[in-house]
Protein chains: 2
Amino acid sequence: MVNWNNLDTLASFQTLTNVKEVDLKAAMTGESGADRVKRYSVPMAAGMAFNYAAKKVDDDVLEALAKLAEEAQLAEKYKELYNGAVINTGEKRLVLHQLTRGQLGEKVVADGVDKREFYVEQQKKFSEFAEKVHAGEIVNAAGEKFTTVVQIGIGGSDLGPRAMYLALENWAKKNDTLKMEAKFISNVDPDDAAAVLNSVDVAHSIFVLVSKSGTTLETLTNESFVKDALKNAGLDPAKHMIAVTSETSPLAKSADYLAAFFMDDYIGGRFSSTSAVGGAVLSLAFGPDVFAQFLEGAAEEDKLSMNENILENPEMLDALIGVYERNILGYQATAVLPYSQALSRFPAHLQQLDMESNGKSVNRFGEPVNYVTGPVIFGEPGTNGQHSFYQLLHQGTNIVPLQFVGFKNSQIGTDVVIEDSTSQQKLCANVAAQIVAFACGKEDENSNKNFEGGRPSSIIIGDQLDPKALGALLAHFENKIMFQGFLWNVNSFDQEGVQLGKVLAKRVLAHDTDGALKEYSDLLNI
Amino acid sequence: MVNWNNLDTLASFQTLTNVKEVDLKAAMTGESGADRVKRYSVPMAAGMAFNYAAKKVDDDVLEALAKLAEEAQLAEKYKELYNGAVINTGEKRLVLHQLTRGQLGEKVVADGVDKREFYVEQQKKFSEFAEKVHAGEIVNAAGEKFTTVVQIGIGGSDLGPRAMYLALENWAKKNDTLKMEAKFISNVDPDDAAAVLNSVDVAHSIFVLVSKSGTTLETLTNESFVKDALKNAGLDPAKHMIAVTSETSPLAKSADYLAAFFMDDYIGGRFSSTSAVGGAVLSLAFGPDVFAQFLEGAAEEDKLSMNENILENPEMLDALIGVYERNILGYQATAVLPYSQALSRFPAHLQQLDMESNGKSVNRFGEPVNYVTGPVIFGEPGTNGQHSFYQLLHQGTNIVPLQFVGFKNSQIGTDVVIEDSTSQQKLCANVAAQIVAFACGKEDENSNKNFEGGRPSSIIIGDQLDPKALGALLAHFENKIMFQGFLWNVNSFDQEGVQLGKVLAKRVLAHDTDGALKEYSDLLNI
């Protein structure tokens, strides 16, 4: 039996507030620091590891966090979720994104369908479709092969798939598995669609329209934009478009598309990268095998998340430390800092994943909570960030916990030796140096050059950013956020906060406004 | 006589803490809201306006802010700065980036040189160079025209110029003034340079090496990367590279470059977009005339910043409201939300500009301050952000002030009518709707659908994002940040917080490590 209680009602949370705060600077200095780096590490899938030595934890804090995990029933709640309970209470829905990549528990039947079978069937369908496109069996009206795939979607239909594409584009080129270049249209700003269309050869492009409901206004608008461009080029849009949607949407059985692939209401947009939402475009871009490896990495990480021992469960541990930082240490933001240019848009995806899931003020029963929930998430790749906002992270008046990611090897492998080291070694040296600089600081007589230290970070280290590692990385953050939602007792799977803006925008477009809204509309010439 | 005092020692700041907090929801509802939108607006350069109706201010707060501006001597301090005082006290340097676009006050002579003349001369030099490249007078070894320009730089030599290029790329295409495509290499991650080099035709590319000191390790490493690529293609690097640096740097008189253009120590990297750092690449990409218009917009905004009346000075007012939000209302972050896809990287540039300038814990005399300084800055273009992190902004447990930007017209002009409105109208309707949704909220019996409102925002509205508007927008934020630095009494023009990481990274590369640093180095295979 699972109990859903607010964080501040848990005895173990009260205990945690009384555990002595770790002096990170002292702990990370000398032999103690070396010992922590060796001990405070959890293996992840794809040969990666989550190292939390530079977090403000010690064995006492970890023991208290373990008790919190137990009292909050994190493992049991995850089990409920993957066995098909109605975890999304607001919308009364199951939460099944993990089923797109593996079967963790019991068979889940919903709407009379075995959902694992359904997702596998969809994967098979879009895999076969992609293979036919690559083989030249599905071609344009002139009988020519398609060379480009353009995803039309917004939010979860854009950020995740785009970040994943960019993460693997160079890896795929290097490994001769880049089948088609991918582009993305998302913003309702007409310059977004126009610029992307100007940059592609529409006659050799397949467009993937992604909207679960089939009613997302931005996406349907951009679809029309694309159809106009196709018609203007003398092409038949129906021969250039596929749809990713739910079976009940108006797009599902339309003759306007070459094919339709399905997701369902049990997969939230921001958790849909491993469903057809990411699967169609990534399989077209990289081939179905690469997408399958990506799913494999995610599935392996999902399994690690089942572990009841927090010291063997990277996602649960990361989640617990984050809640400790947010609700006891009082930190308001978290920076995600991948030392990998390929992960340039991964922070933007996590920004949605985290802030849209846990940026809530009411618990899963709709009652206001008395504690802070999801933090602000932001980030850019290192080393670029070092030359930008790290100044504030090192010497600003607020402490921002940091989540580093680093890989031993580059994707392309071209490198140069300057001052006896490769660029890849410089990249890795920088992330190692930053962790220690943030944790230990450095005293200086000139207070302008003084670093107080005590600024916590963790790092995920992998061999190389390949499809499997990327899948594991994605699942790590998805599951971390899920566990944090359990701890805060919020519903991480709805997003009611996006509705009011939509309603008011419709009123503006219908010229049904008064007061301030009318004035702003006038100022903007609407 | 200018006095540099800490914010909390000012009587007007203490008075401000006692002014009644505005009930934003009530103020923005009905006729009061309409009245505020009309009244609370300041004209900016290039026909734009800064509208602060949805900020938590009223005439009482504004009066108190005006007194704070007076006591903090904001106008006088700006005057000191543009007349050539040593405002960057840490590095004992003048702060002259405004001189790159106009002469605001007295002649500034430093190192025996009239600095305005010096910057104008540099602009003339890179303009002439760009024109010769465009005219085919400067060509590659085969006598062919260059088609692409690639900037090699990091931090301020990358984020600003890159954001400005992206902001105007489509405008330039539409207005037939895109002379060369621009690309950027910044990260020491070897995959960054390798991917950019794979995407360009090196035989027809000019590379702009940007490093003020001529010693930035990431940039010199990437230069070698590029030189290897040129040599491997059988090309002479010296025929393909130009340098932007200071006159005293090792790059200044080197035969390795076709030409060198100069900046100096009085222009901080993050404030260098209007110097040769942005000027060379943007003049090559768009032509010198477009760059001149960009400077003109910035110069006009700089003049508005001179106004002593805060109600006629958009930068000073924005700065004061920001400090009120940070130090009295207690907000820790600010989101920058341009409703313009062309401004996709503008928030990343502001992130550096703001966080590196004011993320400090000591005042300009090196004494610790007792109040918070620069906030965390993050943002993405709307409408994309609406489908991502806006959930937290609307319903999260912490309030995040918002800075919107919107334009009445798109850049490319291609559009589509769906449900009786164009995409551009939908874009504008969304930003109008969001401001009101954040300010006024909406009560709902279902607390999950309840919006408490009271979440403050401002908006900068322009006709179209053209070079002049972009220049004004950039100068707005540069000057806002400068005024905030004056208020917090910090030195906004140094960045000592980036040094420690550099020192430790060098130790890692020299294998001169112990303790935690050695362990991390081992984990990362360095």
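Criteria and thresholds
Residues numbered from 1 in each chain as written. Chains lettered and ligands numbered in written order. Predicted model: local features only at pLDDT ≥ 70, side-chain atom pairs only at ≥ 80, totals over all residues. Heavy atoms only, no water. Domains from an automatic or database assignment. Least-squares fit on C-alpha atoms with pLDDT ≥ 70 in both. Contact = heavy atoms within 4.5 Å. Axes fitted to C-alpha atoms, helices over the stretch in contact; angles between N-to-C directions. Helix = DSSP H or I, 4+ residues; strand = E, 2+ residues; numbered from the N terminus. Parallel < 35°, antiparallel > 145°, perpendicular 65-115°, else oblique. Left-handed = near helix turned anticlockwise from the far one by under 90°. Core = buried A, V, L, I, M, F, W, Y, C linked by side-chain atoms within 4.5 Å. Buried < 20%, exposed > 50% of the residue type's maximum accessible area, 1.4 Å probe, protein only. Pairing = 2+ DSSP bridges. Salt bridge = Lys/Arg side-chain N within 4 Å of Asp/Glu carboxyl O. Buried area = accessible area lost by both parts, 1.4 Å probe. Polar contact = N/O pair within 3.5 Å; in protein donor to acceptor, adjacent residues only side chain to side chain. Nonpolar A, V, L, I, M, F, W, Y, C, P; charged D, E, K, R; others polar. Phe/Tyr/Trp six-rings, centres within 6.5 Å; stacked < 30°, edge-to-face > 60°. Lys NZ or Arg CZ within 6 Å of the ring centre and 35° of its normal. Patch = residues over 30% accessible without salt bridge, like charges linked within 9 Å, V, L, I, M, F, W, Y side chains within 5 Å. Areas by Shrake-Rupley, 256 points an atom, 1.4 Å probe, with all protein chains shown as cover. Lys, Arg positive; Asp, Glu negative; His and termini not counted. Charge placed at Lys NZ, Arg CZ, Asp CG, Glu CD.

Moving on to the domain arrangement of chain A. Accessible area lost during the coming together of the parts is what is often quoted as the interface size. Assigned domains within chain A: domain 1 (110-292) and domain 2 (495-526). Each of domain 1 of chain A and domain 2 of chain A has a C-alpha centre, and these two points are 31 Å apart.

Placing chain A over chain B gives an RMSD of 0.0 Å and needs a rotation angle of 180 degrees, together with 0.0 Å of translation along the axis. On this basis, the relationship between the two copies can be described by a two-fold rotation axis. When C-alpha positions in chain A are compared against the rotation axis, the closest is assigned to A:Phe378, at 3.2 Å. A high fraction, 99%, of the interface residues of chain A reappear at the interface in chain B, so the copies pair face to face through one surface.

Residues and elements named next belong to chain A. It is the contact of helix 1 (residues 11-18) with helix 4 (residues 59-71), at a shortest axis distance of 8 Å, that shows an interaxial angle of 165 degrees. Taken together, helix 1 and helix 4 sit at an angle that is classed as roughly antiparallel. Where helix 1 crosses over helix 4, the two elements pack in a sense that is left-handed. Of the residues in helix 4, those in contact with Ala 11, Ser 12, Phe 13 and Leu 16 of helix 1 are Val 61, Ala 64, Leu 65, Lys 67, Leu 68 and Glu 71.

Time to look at the nonpolar core. Ranked by internal contacts, the top residues of the largest apolar core, which has 374 residues, are A:Tyr520 and B:Tyr520. Ignoring any residue separated from it by four or fewer positions in sequence, one finds B:Tyr520 in contact with A:Met28, A:Val37, A:Asn51, A:Ala53, A:Ala54, A:Ala432, A:Ile435, A:Val436 and A:Ile459.

This brings us to the side chain of A:Glu223. Topologically, A:Glu223 is positioned in helix 9 (residues 217-232). By relative accessible area, which is 6% here, A:Glu223 ends up buried.

This part is about the sheet that holds strand 12 (residues 402-407) of chain A. Residues and elements named next belong to chain A. Pairing within the open sheet is mixed, and its 6 strands lie in the order 1-2-15-12-10-11. Looking along the sheet, the strands with just one partner apiece sit at the ends: strand 1 (41-43) and strand 11 (376-378). In this sheet, neighbouring strand axes are inclined to one another by 15 degrees on average, regardless of whether the strands run parallel or antiparallel. Here 3 bridges tie strand 1 to strand 2 (residues 49-51), and the two strands are oriented antiparallel to one another. Following the sheet pairing, Pro 43 is matched in strand 2 by Ala 49. Sheet strands touched by helix 13 (residues 346-358): strand 10 (333-339) and strand 11. Its angle to strand 11, the strand with the most contacts, is close to 165 degrees.

In this section: the sheet that holds strand 1 (residues 41-43) of chain B. Residue and element names in this part refer to chain B. The strand order 1-2-15-12-10-11 describes an open sheet built from 6 strands, whose pairing is mixed. What marks the edges here is a single partner per strand, and that holds for strand 1 and strand 11 (376-378). Across the sheet, the axes of successive neighbouring strands diverge by a mean angle of 15 degrees, strand direction being ignored.

Bringing the pattern of salt bridges into the picture now. Residue and element names in this part refer to chain A. Within the structure shown, the criterion is met by 63 salt bridges over all chains. For Glu 478, the salt bridge goes to Arg 101, with nearest N and O atoms at 2.8 Å. Here Glu 478, found in helix 16 (residues 467-488), pairs with Arg 101, found in the loop between helix 5 (74-82) and strand 3 (109-110); they are 377 residues apart in sequence, far enough to count as distant. Neither residue differs from the other here; Glu 478 and Arg 101 are each classed as buried. Overlapping salt bridges, with partners in common, bring together Asp 35, Arg 39 and Asp 59 in one network.

Before going further, it helps to examine the interface of chain A and chain B. Taken together, the contact pairs 129 residues of chain A with 129 residues of chain B. Together, the buried faces of chain A and chain B total about 11,100 Å²; carbon and sulfur atoms form 63% of this surface. The largest share of the area that chain A buries against chain B comes from A:His387, A:Tyr520 and A:Leu524, three residues that together contribute 7% of it. Our count for the chain A to chain B interface comes out at 6 salt bridges. A:Glu519 serves as the salt-bridge partner of B:Lys38, at 3.8 Å between the closest nitrogen and oxygen. At the surface where chain A touches chain B, the tally comes to 46 residue pairs in polar contact (both at pLDDT 80 or more). Tallied by class, the residues present in the side of chain A that touches chain B amount to 52 nonpolar, 56 polar and 21 charged.

Each aromatic ring pair is specified by the distance between its two centres and by the angle formed by the two planes. Per the counting criterion, the structure on display carries 40 aromatic pairs over all chains. By the ring-pair criterion, three or more aromatic residues cluster together here, those being A:Tyr339, A:Phe378, A:Phe389, A:Tyr390, A:Phe404 and A:Phe438. If you follow B:Lys115 out to its NZ or CZ, it ends over the ring of B:Phe118, 4.2 Å from the centre. It is B:Arg364 that lies over the ring of B:Trp4; its NZ or CZ is 3.8 Å from the centre.

A separate point is a negative patch on the surface. Residue and element names in this part refer to chain A. Among the surface-exposed residues, Glu 70, Glu 71, Glu 76, Glu 80 and Glu 308 lie close enough to one another that they form a single negatively charged patch. Taken together, the elements giving at least two residues each to the negative patch come down to helix 4 and helix 5. Note on placement: Glu 80 falls in helix 5.

Regular strands place side chains that alternate from one sheet face to the opposite one. Residue and element names in this part refer to chain B. Among the 6 residues in strand 15 (residues 457-462), 6 count as buried, and that is most of the element. Taking every second residue as pointing to the same face, both faces of strand 15 are buried, with Ser 457, Ile 459 and Ile 461 on one and Ser 458, Ile 460 and Gly 462 on the other. Note: strand 2 (residues 49-51) against strand 15, 3 bridges, orientation antiparallel. Residue pairing across strands places Asn 51 opposite Ile 459, the latter belonging to strand 15. In this structure, strand 12 (residues 402-407) lies alongside strand 15, joined through 6 bridges in parallel fashion. Considered in strand 15, the bridge of Gly 406 is made with Ile 461.

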